[in-house]
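Survey of secondary and tertiary structure
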Amino acid sequence: MNTPVIGVLALQGDVREHLIALAAADAVARPVRRPEELAEVDGLVIPGGESTTISKLAVLFGVMEPLRARVRDGMPVYGTCAGMIMLADKILDPRSGQETVGGIDMIVRRNAFGRQNESFEAAVDVQGVEGDPVEGVFIRAPWVESVGAAAEVLAEHDGHIVAVRQGNALATSFHPELTGDHRMHALFVEMVRANRTPESL
């Protein structure tokens, strides 16, 4: 049975919504807080929330270095909003002590689309997602200032990059888990499924 096990980093943020969306996209979804839980999943979602808090808690729970190692080794990972910031190799305006996992050669600007009261929804055309545009929910969302040669831009909104993929790493500025449209999660599940070796099936 080729049903991938996908974790959601459950330190802070909208974890439950991602677990529901992954299950709807035919994955086994489970929360991940500790290194031993990380070791048991085929891929990982880093949810929206507060990127500085997620970063500090990942260090506190001892999961930051194992996560960096698995991303370097090619484990599929998907970051939304704060998760996009966590996957950036560089943050334009980091908070003091803020670290990233890295994995995508991009520079990200935090809170680029404005504060909480400036949150909005917009239709986003995402490469690799068939059908109508994805409804993007932008909440204190970052955008990507620039990408390196290895990163592929999947979507833009209002002239700014809002979805990027590099190898097995995927990131969006917006929150697909809040809309009931599970196509972004289905795309990630397919990435995880394609990455699994025959021995693991």
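What you see is a predicted model; the values in this text were computed from it and never measured.

Thresholds applied
For every chain, the first residue of its written sequence is number 1, and the numbers climb from 1 along that sequence. Local features in a predicted model are, by the rule used here, given only for residues with pLDDT of at least 70; side-chain atom pairs are given and counted only at 80 or more, and totals for whole chains, interfaces and linings are based on all residues. Side-chain figures throughout are based on the complete set of non-hydrogen atoms in the structure, without hydrogens or water. We count a stretch as a helix when DSSP gives it H or I for four or more residues in a row; a strand needs E for two or more, and each element gets its number in order from the N terminus. Only C-alpha atoms enter the radius of gyration; for comparison, a globular chain is expected to reach 2.2 Å times N to the power 0.38, where N is the number of residues. Residue burial is assigned from relative accessible area. The probe radius is 1.4 Å, only protein chains are included, and a residue is buried under 20% of its type maximum, exposed over 50%, and partly exposed in between. Contact definition: two residues touch when any of their heavy atoms are within 4.5 Å. Charged residues are defined narrowly, with Lys and Arg counted positive, Asp and Glu counted negative, and His plus the chain ends left uncounted. The atom standing in for a charge is NZ when the residue is Lys, CZ when it is Arg, CG when it is Asp and CD when it is Glu. The arc in question is traced by the directions running from the helix axis to the C-beta atoms. What qualifies as a polar contact is a pair of N or O atoms within 3.5 Å, subject to a donor-acceptor requirement within protein and to the restriction that residues adjacent in sequence count only when both atoms come from side chains. UniProt positions are given in the numbering used here, feature names are shortened, and annotations may be inferred rather than shown by experiment. The salt bridge definition used is simple: a Lys or Arg side-chain nitrogen within 4 Å of an Asp or Glu carboxyl oxygen.

**Quick notes on the overall build of the chain**
Each helix and strand counted, the chain has six helices and 12 strands in total. A compact globule built from 201 residues should have a C-alpha radius of gyration of about 17 Å, and the chain, at 15 Å, falls within 12% of that. Overall, the chain is about 45 × 40 × 35 Å in size when its C-alpha atoms are taken along their principal axes. The 201 residues of the chain split such that 51% are buried. Counted over contacts in the chain with a minimum sequence separation of 6, partners at least 24 positions apart contribute 65%. When the 18 basic and 28 acidic side-chain charges of the chain are each reduced to a single mean position, those positions are 7 Å apart.

**Here's the deal with helix 3 (residues 51–60)**
Within the span of helix 3, buried status applies to Ser51, Thr52, Ile54, Ser55 and Ala58. Buried residues along helix 3 cover an arc of 165° about the axis, so they all sit on one side. The backbone nitrogen of Thr52 has a side-chain oxygen 3.0 Å away, supplied by the residue at the start of helix 3, namely Glu50. Remark: Gly62 follows helix 3 within two positions and exhibits a positive phi of approximately 75°.

**A short note on the UniProt feature "binding site: L-glutamine" (unreviewed entry) in the chain**
Taking the numbering used here, the UniProt-annotated feature "binding site: L-glutamine" (unreviewed entry) corresponds to Gly49, Glu50, Ser51, Arg110, Ile139 and Arg140. What stands out for the annotated residues spanning 92 residues is how close their C-alpha atoms remain, the widest pair being 12.8 Å apart. Within the element layout of this structure, Ile139 appears in the loop between strand 8 (134–138) and strand 9 (143–147). Non-local contacts of Ile139, meaning those with residues more than four positions away in its chain, are made with Cys81, Gln116, Ser119, His175 and Leu178. Within the secondary structure layout, Arg140 lies in the loop between strand 8 and strand 9. A residue is classified by how much of its surface remains accessible, and Arg140, at 26% relative accessible area, is partly exposed. Apart from the residues within four sequence positions on either side, Arg140 is in contact with Glu50, Cys81, Asn111, Gly114, Arg115, Gln116 and Ser119.

**As for the side chain of Thr172**
Within the secondary structure layout, Thr172 lies in strand 12 (residues 169–172). A distance of 3.0 Å separates the side chain of Thr172 from the side chain of Tyr78, its partner in a polar contact. In contact with Thr172, other than residues within four places in its own chain, are Tyr78, Gly79, Thr80, Cys81, Met84, Val162, Ala163 and Met184.

**Some remarks on the UniProt feature "active site" (unreviewed entry) in the chain**
UniProt records the feature "active site" (unreviewed entry) for Cys81, His175 and Glu177 in the present numbering. A maximum C-alpha distance of 11.0 Å places the annotated residues, which cover 97 residues in sequence, within one compact spot. Residue Cys81 is classed as buried on the basis of its relative accessible area of 3%. What Cys81 contacts, discounting residues up to four positions off in sequence, is Gly48, Ile139, Arg140, Ala141, Pro142, Thr172, Ser173, Phe174 and His175. Relative to the assigned elements, His175 resides in the loop between strand 12 and helix 6 (183–195). At 3.2 Å, the side chain of His175 and the side chain of Asp14 are in polar contact.

**Observations regarding the pattern of salt bridges**
Note that side chains of opposite charge can pair when their charged atoms are close. All chains considered together, the criterion is met by seven salt bridges. Across the pair Arg68 and Glu65 runs a salt bridge whose closest N-O atoms are separated by 2.5 Å. Of the two residues, Arg68 and Glu65 both sit in helix 4 (residues 64–72), three residues apart, roughly one turn of that helix. Glu190 is paired through a salt bridge with Arg193; the nearest N and O atoms lie 2.4 Å apart. Placement of the pair is Glu190 and Arg193 together in helix 6, with a separation of three residues, close to one helical turn. The exposure class of Glu190 is partly exposed, given its relative accessible area of 45%. One salt-bridge network, held together by shared partners, links Glu65, Arg68 and Glu99.

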